[in-house]
Amino acid sequence: MIAPADFHHPRFGYTTMQSTTAQGESRFLQELEVDLMCSQDSSGQYRSFYWRQAEQYNLTQEQVIGVPLNQTFHPIALDAYRDRIQRILENRTPERCIHDFCYGDHVFPFELVISPILQSDGQATQVWVMGHLLPEGSVQKVIDSLVPLSVDPNQKLLTQIARRIRRTLDLDTIWQQTVDSLGKALQVSRCIICSYKPDYIDVKVEAEYRQDSLEEMLGMTLELESELIMKQAMWSSEPVVVDQIAPSRFQEKSLLVVSTSYKDEPNGLISLQQCDRHRPWSDAEIELVRELAEQVGTAIAHGTLYKELELAREQAEEVSRLKSEFLASTSHELRTPLNGMIGFLKLILEGMADDPEEQREFIQEAHNSALHLLNIINDILDIAKIEAGKMELEFSPVELEYLFNKVYDFTAQQAHHKNLSFTLEIPAVYDGIVMYGNYQRLLQVMLNLVGNAIKFTDEGGITISAEVIRKKVHFQGQEFPGHVKVRVADTGIGVSLDKQDKLFQSFSQVHGGLNRPYGGTGLGLAISQKLVETMGGVVHFFSMGENLGSTVTFTVPLYQEPVMVSRTD
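Just so it is clear, the model here is predicted, and its values are computed rather than measured. (Residues numbered from 1 in each chain as written. Predicted model: local features only at pLDDT ≥ 70, side-chain atom pairs only at ≥ 80, totals over all residues. Heavy atoms only, no water.)

Some remarks on the overall build of the protein chain
(1) Moving on: Tallying secondary structure elements over the protein chain gives 11 helices and 23 strands in all.
(2) Moving on: By the burial criterion, 45% of the 569 residues in the protein chain qualify as buried.
(3) Moving on: Sequence separation of at least 24 residues holds for 63% of the intrachain contacts in the protein chain that already meet a minimum separation of 6.
(4) Moving on: Total accessible area computed for the protein chain in this model is approximately 29900 Å², and 50% of it derives from carbon and sulfur atoms. (Helix = DSSP H or I, 4+ residues; strand = E, 2+ residues; numbered from the N terminus. Buried < 20%, exposed > 50% of the residue type's maximum accessible area, 1.4 Å probe, protein only. Contact = heavy atoms within 4.5 Å. Areas by Shrake-Rupley, 256 points an atom, 1.4 Å probe, with all protein chains shown as cover.)

What follows is the structure, given as structure tokens:
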């Protein structure tokens, strides 16, 4: 055995700094019939040490005194043990508890009484520990006996934990405080809390308390179909208790699982795991966990609502900011054609035209400015109708080739003016490709996409193509043989990956602000996306980055399956 010369003894539940002789303390230890006796500082490091079985395991004093606690004979639940020491020193109140100690590959369950060592000034910087080794079968009986004698009974513990989680609306804090408080209080190997959303088939581990030797579960997604105990607890109003479980990946030997809920709707799971031994859960422990789960369920619901409100507030502020930016840029866009109209008409009224030909040119420029202004106003009205849910479309068959030719007629001149190539690629068919949609709105979408491609391309060209995809689709209660995917590709400035999510937002532009290099209201793509979705299709944007070109695709239901021309024909 190890019994250092400066060993101290307890008196009336506390300990003084008086010492005894080695011979006297040896008799004293034998009379006490203790298995473990030591003094430790606030970090848990041993200052004196006696263990009845030390010699049997070749444990010497040099291997214990002054050695970091995790490198010698130490409690398995090291963090919980250190927290307990800190609490005892702060409160200057003894506590009775059970801790498993380990040395090498061996585990020793001890019933302990830990007392503060009071100095002459009434302060305490060390604790005195006395312990009895417990036979395996008696561990739970001793745990049960601690419940009525505990200095910190379950009701008080429940109140303390509930008070902590009610002080915050931050979900991460609620989750972490729950597992830390339960894990330390019940001295389990691991405690996790999982979030759950209605109609989901899995849960996510949001916070974890565990011993260092165990595999981390934080962030894992667990399927309820494969986690039968969790599934049972999720739909049960009572905790699910398993004293003995077959070994698994996470090493648990005993489980206590309970669901959290709010207004009878489950919103999470708490799982306590004992991995170092089979643990019969006491009625007091089960009741503590059940009552705490009720408190946590309410806290999670309030925290979730707060998070949703914060997100909604942030989104509202972002929309407000974008609308303000939109109004600033749109006022500029409106002034430009208005000033053009006013300027050219003023020249005519003041007789500044030298001849009828020049006067006609002034009128034509004023007309062009009026059309541009009309397009801007139409965009604003369209997005207003779409956001109000009042956009109504009539659907009919639309020939793809006719649509493409109209787009070419409207935009080819702009492309050629910038010395850009302009190519149409239509699949070879015998009877034409017919889509199902609204012709005017499809034309509007195409003109928006091609207009953007020309605007943002300074060299290279634009290619418009289409392909028929034979996969049955349902739209407006009808079945169609497939859909047509239209593709508009350019060799222009492209868009960086981190800005592509802005492209389909209303009132948003990649190049925002009054000094942006390209004009426009920033509504074109947003309107195009909404129109295509209203016609049963989807829009996608692709770009590998800046100066690498862009491709926009959209789909439209195929009205009838065409007869394709094979390559051998």
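That covers the picture; the talk isn't over yet.
Things to note about the packing of helix α9 (residues 400-417) against helix α10 (residues 439-455)
(1) Moving on: Running from N to C, α9 and α10 point in directions that differ by 30°, and their axes come no closer than 10 Å. As the angle between them shows, α9 and α10 are arranged roughly parallel. Relative to α10, the crossing made by α9 is right-handed. In contact with Y402, L403, F404, K406, V407, F410, T411, Q414 and A415 of α9, α10 contributes Y439, L442, L443, M446, L447, V450 and I454.
(2) Moving on: Partitioned by chemical class, the residues of the contact of α9 with α10 number 13 nonpolar, two polar and one charged. (Axes fitted to C-alpha atoms, helices over the stretch in contact; angles between N-to-C directions. Parallel < 35°, antiparallel > 145°, perpendicular 65-115°, else oblique. Left-handed = near helix turned anticlockwise from the far one by under 90°. Nonpolar A, V, L, I, M, F, W, Y, C, P; charged D, E, K, R; others polar.)

Some remarks on unusual backbone geometry
(1) Moving on: Residues other than glycine seldom take positive phi values, yet Q251 does so here, at roughly 70°.
(2) Moving on: Positioned with a positive phi, Q476 is a non-glycine residue whose angle comes to about 55°.
(3) Moving on: Turning to its location among the elements, Q476 is positioned in the loop between β19 (473-475) and β20 (478-480).
(4) Moving on: Owing to a relative accessible area of 47%, Q476 belongs among the partly exposed residues under this scheme.

Overview of α9
(1) Moving on: If you check α9, its first and last C-alpha atoms are 26 Å apart, about what 18 residues at 1.5 Å a residue would give, namely 26 Å.
(2) Moving on: For α9, every residue scored as buried is listed here: L400, L403, F404, V407, T411, A412 and A415.
(3) Moving on: On its buried side, α9 packs onto β15 (396-399), β16 (421-425), β17 (434-437), α10, β18 (461-469) and β21 (483-490).
(4) Moving on: N419 sits one or two positions beyond α9 and adopts a positive phi of about 60°. (Expected span 1.5 Å × (residues − 1).)

A look at the sheet that holds strand β10 (residues 202-210)
(1) Moving on: On the basis of which strands lie adjacent, the open sheet formed by six strands has the order β11-β10-β9-β14-β13-β12 and antiparallel pairing. The open sheet is flanked by β11 (221-223) and β12 (240-242), the only strands paired with a single partner. Here the average twist between neighbouring strands, direction ignored, is 25°.
(2) Moving on: Examined bridge by bridge, β10 and β11 share three bridges and lie antiparallel to one another. Residue V203 lies in a different strand from β11, and its bridge partner there is L222.
(3) Moving on: Against the sheet, helix α5 (residues 171-186) engages β9 (190-195), β10 and β14 (265-274), with an angle of about 50° to β10. (Pairing = 2+ DSSP bridges.)

Structural notes on the packing of aromatic side chains
(1) Moving on: What the rule picks out here adds up to 19 aromatic pairs.
(2) Moving on: When the centroid spacing of 4.9 Å and the interplanar angle of 75° are considered together, the rings of Y46 and F49 count as edge-to-face. By the burial criterion, Y46 is buried, and F49 matches it.
(3) Moving on: An angle of 70° between the planes, with centres 5.8 Å apart, marks the rings of F49 and F73 as edge-to-face. Here F49, found in strand β4 (residues 46-51), pairs with F73, found in the loop between β4 and β5 (74-75); they are 24 residues apart in sequence, far enough to count as distant.
(4) Moving on: By relative accessible area, F49 is classed as buried at 0%.
(5) Moving on: A network of ring pairs unites the aromatic residues Y46, F49, W51, Y57, F73, Y81, F101, F108 and F110 as a single cluster. (Phe/Tyr/Trp six-rings, centres within 6.5 Å; stacked < 30°, edge-to-face > 60°.)

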